[in-house]
Amino acid sequence: MRASYDSLVNDNSSERLRNVLKKEYPEFTGGCVLHWTPDQGEDIFVVLVNGSKIISVELVREDFSEPPIIEHISLSQYKLGLKKSNQIKLAIAQEVIGE
């Protein structure tokens, strides 16, 4: 989770995703990618933002002009049906962002 946080905040390879997050949450101070699903032509990220918000972002890989598909998910909704391992992952991400 620490590497995810550092990458999302500082790494140029995460710049496109970071820009989407900053546009959706101008108060963006940090986040952790909880899930990444590479699909055929796009990548789908589920990100914990600022330790309290969940956002799903779908980015088309080849066409940077294509707008992202964004879904805001409440933290309580995200936690519903979450497996124990993913609950632990979420707790660790919240701890890393809170530091």
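Thresholds, definitions, all that
- Residues numbered from 1 in each chain as written.
- Predicted model: local features only at pLDDT ≥ 70, side-chain atom pairs only at ≥ 80, totals over all residues.
- Heavy atoms only, no water.
- Helix = DSSP H or I, 4+ residues; strand = E, 2+ residues; numbered from the N terminus.
- Rg over C-alpha atoms; globule rule 2.2 N^0.38 Å.
- Contact = heavy atoms within 4.5 Å.
- Lys, Arg positive; Asp, Glu negative; His and termini not counted.
- Charge placed at Lys NZ, Arg CZ, Asp CG, Glu CD.
- Buried < 20%, exposed > 50% of the residue type's maximum accessible area, 1.4 Å probe, protein only.
- Arc of directions from axis to C-beta.
- Axes fitted to C-alpha atoms, helices over the stretch in contact; angles between N-to-C directions.
- Parallel < 35°, antiparallel > 145°, perpendicular 65-115°, else oblique.
- Nonpolar A, V, L, I, M, F, W, Y, C, P; charged D, E, K, R; others polar.
- Salt bridge = Lys/Arg side-chain N within 4 Å of Asp/Glu carboxyl O.

**Concerning the overall build of the protein**
Helices and strands together make up the secondary structure of the protein, namely four helices and four strands. N-terminal to C-terminal, the α/β element order of the protein is α-α-β-β-β-β-α-α. Here the protein has a C-alpha radius of gyration of 13 Å; the compact-globule value for 99 residues is 13 Å, and the two agree. For the protein, the C-alpha atoms occupy an extent of roughly 35 × 25 × 20 Å along the three principal directions. For the protein, the share of sequence-separated contacts (at least 6 apart) that also reach a separation of at least 24 residues comes to 41%. The averaged location of the 15 negative side-chain charges in the protein is 7 Å from the averaged location of its 11 positive side-chain charges.

**Considering helix 1 (residues 2-10)**
Of the positions making up helix 1, those classed as buried are Ser 4, Tyr 5 and Leu 8. Seen along its axis, helix 1 keeps its buried residues to an arc of 100°; they face one direction. Residues of helix 1 that are exposed and point more than 90 degrees away from the buried face comprise Ala 3 and Asn 10. In the core, the buried residues of helix 1 are packed alongside helix 2 (15-24), strand 1 (31-38), strand 2 (42-49) and helix 4 (84-98).

**With respect to the packing of helix 1 against helix 2**
Between two packed helices, the angle of one axis relative to the other and the distance separating the axes together describe the packing. Remark: helix 1 packs on helix 2, axes separated minimally by 8 Å, with the N-to-C direction vectors making an angle of 80°. With respect to their mutual orientation, helix 1 and helix 2 come out roughly perpendicular. Where helix 1 abuts helix 2, its residues Ser 7, Leu 8, Val 9 and Asn 10 lie against Leu 17, Arg 18 and Leu 21. In terms of residue class, the contact of helix 1 with helix 2 is made up of four nonpolar, two polar and one charged.

**Concerning the pattern of salt bridges**
A full pass over the atoms with the stated rule returns three salt bridges. Ionic pairing is found between Asp 43 and Arg 61, a salt bridge with its closest N-O pair at 3.2 Å. Residue Asp 43 is located in strand 2, and its partner Arg 61 is located in the loop between strand 3 (53-60) and strand 4 (69-73); the two are separated by 18 residues in the primary sequence.

Taken by themselves, the reported measurements are silent on function.
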